[in-house]
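Commentary on secondary and tertiary structure
Residue-level listing of the chains:
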Amino acid sequence: IIKRASKLFDRLIVGVLHNDAKRAIFSMEERVELIRKCTANIENVEVAMFDGLLVDFVKKNNAAAIVKGLRAVSDYEYELQMAMLNKHIDREVETIFLMADIQNSFLSSSIVKDLAKHGGDITGLVPEEIKDDITVKLRNPLH
């Protein structure tokens, strides 16, 4: 999604949200670094952490749109609600949905985490640049 969206905009900011509701395996700083590794060869991509409302992050960065990736109808239902809420908060902010590639449509972070944690091969399921980072972290949680 990031690669495809980077072709649509002069500047693409990947926002990494601090979300207390989720138990992340990687810290905020680690998540930012992993995304930077994956996007190092895409000149117009920046990665930034944020807290709070996505609309506020968009306004603070003088952005015009939110790009969301969708895998299935269930993603669409939730993301449509979020897009409508964001539009209610700020009528100027647009949400653009990009469909996941068909080979990734079944993936979720839970599936990948479970596979890696139990010694499965995650090649082709995550970017090659970070495959080892994920494998090491999930097989050695204290690492």
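Quick caveat, the model's predicted, so the values are computed rather than measured. Each chain carries its own residue numbering, running from 1 in the direction its sequence is written. Only residues with pLDDT of at least 70 get local features here, since the model is predicted, and only at 80 or more are side-chain atom pairs given and counted; chain-wide, interface and lining totals rely on the full set of residues. Only hydrogens and water are removed before side-chain values are computed, so all heavy atoms of the structure are retained for them.

**Re the pattern of salt bridges**
Definition used for salt bridges: Asp or Glu carboxyl oxygen within 4 Å of a side-chain nitrogen of Lys or Arg. By the definition in use, this model includes nine salt bridges. In this structure, the salt-bridge partner of Lys68 is Glu79, at a minimum N-O distance of 3.0 Å. Placement of Lys68 in strand E3 (residues 65-70) and of Glu79 in helix H4 (residues 73-89) is noted, with a sequence separation of 11 residues between them. Residue Glu79 is classed as buried on the basis of its relative accessible area of 13%. Numbering of helices and strands starts at the N terminus; helices are DSSP runs of H or I of at least 4 residues and strands are runs of E of at least 2. Residue exposure (1.4 Å probe, protein chains only): buried if accessible area is under 20% of the type maximum, exposed if over 50%, otherwise partly exposed.

**Re the packing of helix H5 (residues 109-117) against helix H6 (residues 131-139)**
The convention used is that axes are lines fitted to C-alpha atoms, helices contributing only their stretch in contact, and that angles between N-to-C directions extend from 0 to 180 degrees. One way to put it is that H5 packs onto H6 with a least axis distance of 8 Å and a crossing angle of 70 degrees. The angle between the axes of H5 and H6 places the two elements in the roughly perpendicular class. Every pair of crossing elements has a handedness; the one defined by H5 and H6 is right-handed. Of H6, the residues touching H5 (which contributes Lys113, Ala116 and Lys117) are Ile134, Leu138 and Arg139. Asp, Glu, Lys and Arg are counted as charged, while Ala, Val, Leu, Ile, Met, Phe, Trp, Tyr, Cys and Pro are counted as nonpolar; the rest, among them Gly, fall into the polar class. Considering only residue class, the contact of H5 with H6 consists of three nonpolar, no polar and three charged. For this classification, under 35 degrees means roughly parallel, over 145 means roughly antiparallel, 65 to 115 means roughly perpendicular, and everything else is oblique. Should the near helix be turned anticlockwise from the far one by less than a right angle, the crossing is left-handed, and should it be turned clockwise, the crossing is right-handed. In what follows, residue pairs with any heavy atoms lying within 4.5 Å of each other are defined as contacts.

**Topic: the environment of Arg4**
With respect to the helices and strands, Arg4 occurs in helix H1 (residues 2-6). In the structure, Arg4 is positioned 34 residues away from Cys38 in sequence and 13 Å away in space, judged by C-alpha atoms. Pairing of N or O atoms within 3.5 Å defines a polar contact, subject to two protein rules: one partner must be a possible hydrogen donor and the other a possible acceptor, and residues neighboring in sequence count only if both atoms are side-chain atoms. A polar contact of 3.4 Å, which involves the side chain of Arg4, links it to the side chain of Asp101.

**Concerning a nonpolar patch on the surface**
Nonpolar side chains (Val, Leu, Ile, Met, Phe, Trp, Tyr) within 5 Å and like charges within 9 Å form the patches, drawn only from residues with over 30% relative accessible area and no salt bridge. A 1.4 Å probe and the Shrake-Rupley method give the accessible areas. Residues count as covered only by the protein chains that appear here. A cluster of nonpolar side chains, Leu53, Leu85 and Ile89, forms an exposed patch at the surface whose accessible area comes to about 250 Å². Within the fold, Leu53 resides in the loop between strand E2 (45-50) and helix H3 (54-60). The exposure class of Leu53 is partly exposed, given its relative accessible area of 46%.

**Focus on the side chain of Asp90**
Note on placement: Asp90 falls in the loop between H4 and strand E4 (94-99). Those residues in contact with Asp90, other than ones at most four positions away along the chain, are Val55 and Lys59.

**What to know about helix H2 (residues 28-39)**
To estimate the expected span of a helix, count its residues, drop one, and scale the result by 1.5 Å. Compared with the 16 Å implied by 1.5 Å per residue over 12 residues, the 17 Å span of H2 between its first and last C-alpha is a close match. Where H2 is buried, its residues meet H1, strand E1 (12-17), E2 and H6.

**Some points on H4**
Its 17 residues give H4 an end-to-end C-alpha distance of 24 Å, which sits within 8% of 24 Å, the value for a rise of 1.5 Å per residue. Here H4 has its buried residues at Asp75, Glu79, Ala83, Asn86 and Lys87. Across the axial projection of H4, the buried residues extend over an arc of 95 degrees, all falling on one side. Seen from the open side of H4, the exposed residues pointing more than 90 degrees away from its buried face are Val73, Ser74, Glu77, Gln81, Met84 and His88. The reported arc concerns the directions from the helix axis to the C-beta atoms and nothing else.

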